[in-house]
Amino acid sequence: MVSTPTRTRGKEPQDGKNKATPPAGRQPKGLRRHWRSFWESLEGKSKAPNSSTYYLILGCALALTAIGIMMVLSASSVEAISEGKSPYADALKQAVFGVVGLVAMYVISRTNVNWMKKLSWWALGAVVVLLALVQVMGNSVNGNKNWIDLGGVTLQPSEMSKLVLCVWIAAVLARKQKLLNRWMHVIIPVVPGAGLVIGLVMLGNDLGTVIVIAAIAAAGLYFAGVPGRMLGIAGAVGVVGAVLATVSSANRICRITSWLGTASASCTEQFDFDFQSTNGMYGLAQGSWTGLGLGQSRQKYNWLPEAHNDFIFAIIGEELGLVGTIVVLVLFAILGIAIFRVVVRQTDPFQRTLAGGIMVWLLGQASMNMAVVTQLLPVVGVPLPFISYGGSALIMSLCGVGVVLSLARGQLPPQQRPRFLPRRTPKPARKRT
């Protein structure tokens, strides 16, 4: 019996060295090759870590915060005057919140964030208590019950829950890193904990924040390394839950039908979500390419509800035009790319999951806000990070940036780590004559 000869892939090198090269057909060609090179440059893995990522994150956060204070002053001044208040009242409050947030950001960026693991459960418990107190003694604004007054200070616990959940989910899943291929260890305690927070926020009718929190939980599972099959099933369950939550509320149904242009007369008379979204589009249209000029908005004259808050992006487009909106988009894009580089370079499960959750929180919320203003999504109440008016939201966003800065700083060699003050060099001793 004659054996059939087998086909060899290549000849062995005679000098003993491996000179075989992969077949030409396996090399990426055309669009695929360009996409791979683009993705590698986006990740920045081919280059040694340097301080550019750190300063990109810091610079974008500072620029967005400065733009926010400026636009809050412009968007809120007219409404403040009509209410008999100082036109600078809201902007001054926002500036104070910005200073507090920047101090917190700096302090967090100079620490090792691993200390947050020990406080994650305590922080989650405190947030749950505050969210429960909101339902008992909280304040309701435009149908949303999200605020509580404690000692003369108004807090929004739902904004605090975003950063707390990022830390808590990262700490829990990092501890279970070797057990994430089992259903029970993926579900417990992450799903009940996040579900409790989502349920308490849902009681306050804040659908936008619920969506952001759900995205944070999904991001935590993804960056922790949960298998894709489990993520798909969890996503399907989340979609079913979102549909049930929508159809159970006349307010939410009217939001969707108004967006689709099929709102009934009762929806228009009771809620009239078209009024806010339509006036937001009027502002963007009036701004054209270069805008009407800073402070020259017409929609802020009590035409556009929440002009200094959820719909401040429309005022940016009206006063600064398409150029101004593109600047904001580019700043968020640079911020996202820089945080993504921090994520992909992380080897520690806790730090990778934490950075990924913060990235999805800030970038996802910004995308949702701008999509609502441009009528790509129904009207849901989510602020634009760093820019919309609100102390709790601004401080928590800057604290999240502080965490990412700490992780970016930890990836650098000690001699390359940014310092607040330059290191003093000793002066040479004078020679005695």
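Residues numbered from 1 in each chain as written. Predicted model: local features only at pLDDT ≥ 70, side-chain atom pairs only at ≥ 80, totals over all residues. Heavy atoms only, no water.

(A) Region of interest: helix H15 (residues 391-410). With 20 residues, H15 extends 29 Å from end C-alpha to end C-alpha; this agrees with the ideal 28 Å at 1.5 Å per step. By the criterion of burial, H15 is predominantly enclosed, with 19 of the 20 residues buried. (Helix = DSSP H or I, 4+ residues; strand = E, 2+ residues; numbered from the N terminus. Expected span 1.5 Å × (residues − 1). Buried < 20%, exposed > 50% of the residue type's maximum accessible area, 1.4 Å probe, protein only.)

(B) Quick look at the pattern of salt bridges. By the definition in use, this model includes three salt bridges. Here Lys-162 makes a salt bridge to Glu-159, at a shortest N to O gap of 3.1 Å. Of this pair, Lys-162 and Glu-159 both sit in helix H5 (residues 157-175), separated by three residues, roughly a single helical turn. There is no split in this pair, since Lys-162 and Glu-159 are both buried. Across the pair Glu-319 and Lys-300 runs a salt bridge, and its minimum N-O distance is 3.5 Å. Here Glu-319 is found in helix H13 (residues 312-344), whereas its partner Lys-300 is found in the loop between helix H12 (273-287) and H13, with 19 residues between them in sequence. Across this residue pair, the class does not change: Glu-319 and Lys-300 are buried. (Salt bridge = Lys/Arg side-chain N within 4 Å of Asp/Glu carboxyl O.)

(C) Broad picture of unusual backbone geometry. Cis geometry marks the peptide bond from Ile-188 to Pro-189, where omega comes out at 5°. The topology assignment puts Pro-189 in the loop between helix H6 (183-187) and helix H7 (190-203). Even without being glycine, Asn-302 reaches a positive phi, approximately 60°. Mapped onto the secondary structure, Asn-302 falls in the loop between H12 and H13.

(D) Spotlight on the side chain of Gln-365. Turning to its location among the elements, Gln-365 is positioned in helix H14 (residues 349-373). Look at Gln-365 and you get buried, because its relative accessible area is 2%. A polar atom in the side chain of Gln-365 sits 3.0 Å from the backbone oxygen of Pro-383. Ignoring sequence-local partners within four residues, the contact set of Gln-365 consists of Lys-162, Val-212, Val-360, Val-382, Pro-383 and Pro-385. (Polar contact = N/O pair within 3.5 Å; in protein donor to acceptor, adjacent residues only side chain to side chain. Contact = heavy atoms within 4.5 Å.)

(E) Highlighting the packing of H5 against H15. Their axes nearest at 8 Å, the elements H5 and H15 cross at an angle of 10°. In terms of their interaxial angle, H5 and H15 are classed as roughly parallel. Note on element contacts: H15 touches H5 through Ser-392, Ala-393, Met-396, Cys-399 and Gly-400, opposite Glu-159, Met-160 and Leu-163. Its residues placed into classes, the contact of H5 with H15 shows five nonpolar, two polar and one charged. (Axes fitted to C-alpha atoms, helices over the stretch in contact; angles between N-to-C directions. Parallel < 35°, antiparallel > 145°, perpendicular 65-115°, else oblique. Nonpolar A, V, L, I, M, F, W, Y, C, P; charged D, E, K, R; others polar.)

(F) Quick look at the environment of Leu-56. With respect to the helices and strands, the residue Leu-56 is situated in helix H2 (residues 52-82). C-alpha of Leu-56 to C-alpha of Ile-337: the two residues are 281 residues apart in sequence and 9.3 Å apart in space.

(G) Region of interest: H14. For H14, spanning 25 residues, the distance from its first C-alpha to its last is 36 Å, which sits close to the expected 36 Å at 1.5 Å a residue. The opening residue of H14 is Asp-348, an N-cap whose side-chain oxygen sits 3.2 Å from the backbone nitrogen of Phe-350. Two residues or fewer past H14, Gln-375 is found with a positive phi of approximately 65°.

(H) Seen up close, the packing of aromatic side chains. On inspection of all chains with the given rule, the structure shows four aromatic pairs. Residues Trp-121 and Trp-168 carry aromatic rings whose centres are separated by 5.4 Å and whose planes lie at 90° to one another, so their mutual orientation is edge-to-face. Here Trp-168 lies in helix H5 and Trp-121 lies in helix H4 (residues 116-137), a separation of 47 residues in the sequence. By relative accessible area, Trp-121 is classed as partly exposed at 45%. Considering the side-chain rings of Phe-332 and Phe-386, the 6.4 Å spacing of their centres and the 40° angle between planes classify their relative orientation as tilted. Here Phe-386 lies in the loop between H14 and H15 and Phe-332 lies in helix H13, a separation of 54 residues in the sequence. (Phe/Tyr/Trp six-rings, centres within 6.5 Å; stacked < 30°, edge-to-face > 60°.)

(I) Structural detail: the nonpolar core. In this structure, Ile-57, Phe-332, Leu-354, Ile-358, Trp-361, Phe-386 and Ile-387 are the most contacted members of the largest nonpolar core, which totals 100 residues. When residues in this core are grouped by element, the largest group, 14 residues, is from H13. Residue contacts for Phe-386: discarding those within four places in its chain leaves Ala-61, Leu-64, Thr-65, Gly-68, Phe-332, Leu-335, Leu-362, Leu-394, Ser-397, Leu-398 and Val-401. (Core = buried A, V, L, I, M, F, W, Y, C linked by side-chain atoms within 4.5 Å.)

(J) Just the pairing of strand E2 (residues 144-150), in detail. Taken together, the three bridges between strand E1 (residues 139-141) and E2 define a ladder with antiparallel strand orientation. Its bridge partner lying in E2, Asn-139 is registered against Trp-147. Pairing of E2 with strand E3 (residues 153-155), which is carried by three bridges, proceeds in the antiparallel orientation. What sits directly across from Ile-148, in E3, is Leu-155. The antiparallel hairpin formed by E2 and E3 contains two residues in its connecting segment, where Gly-151 sits at a positive phi of about 60°. (Pairing = 2+ DSSP bridges.)

(K) Region of the structure containing the environment of Thr-374. Within the element layout of this structure, Thr-374 appears in the loop between H14 and H15. Owing to a relative accessible area of 28%, Thr-374 belongs among the partly exposed residues under this scheme. Sequence separation between Thr-374 and Ala-314 is 60 residues, and the spatial gap between their C-alpha atoms is 8.2 Å. Apart from residues no more than four positions distant in its own chain, Thr-374 is found in contact with Met-281 and Leu-284. A polar contact of 3.3 Å, which involves the side chain of Thr-374, links it to the backbone oxygen of Ala-371.

(L) Region of the structure containing the packing of H12 against H13. Across the interface, H12 lies against H13 with an axial gap of 6 Å and an inter-helix angle of 20°. By the criterion of interaxial angle, the relationship of H12 to H13 is roughly parallel. Here the hand of the crossing between H12 and H13 comes out left-handed. Residue-level inspection shows Gly-280, Gly-283, Leu-284, Gln-286 and Gly-287 of H12 in contact with H13, the latter providing Phe-313, Ala-314, Gly-317, Glu-318 and Gly-321. Across the contact of H12 with H13, the residue classes break down as three nonpolar, six polar and one charged. (Left-handed = near helix turned anticlockwise from the far one by under 90°.)

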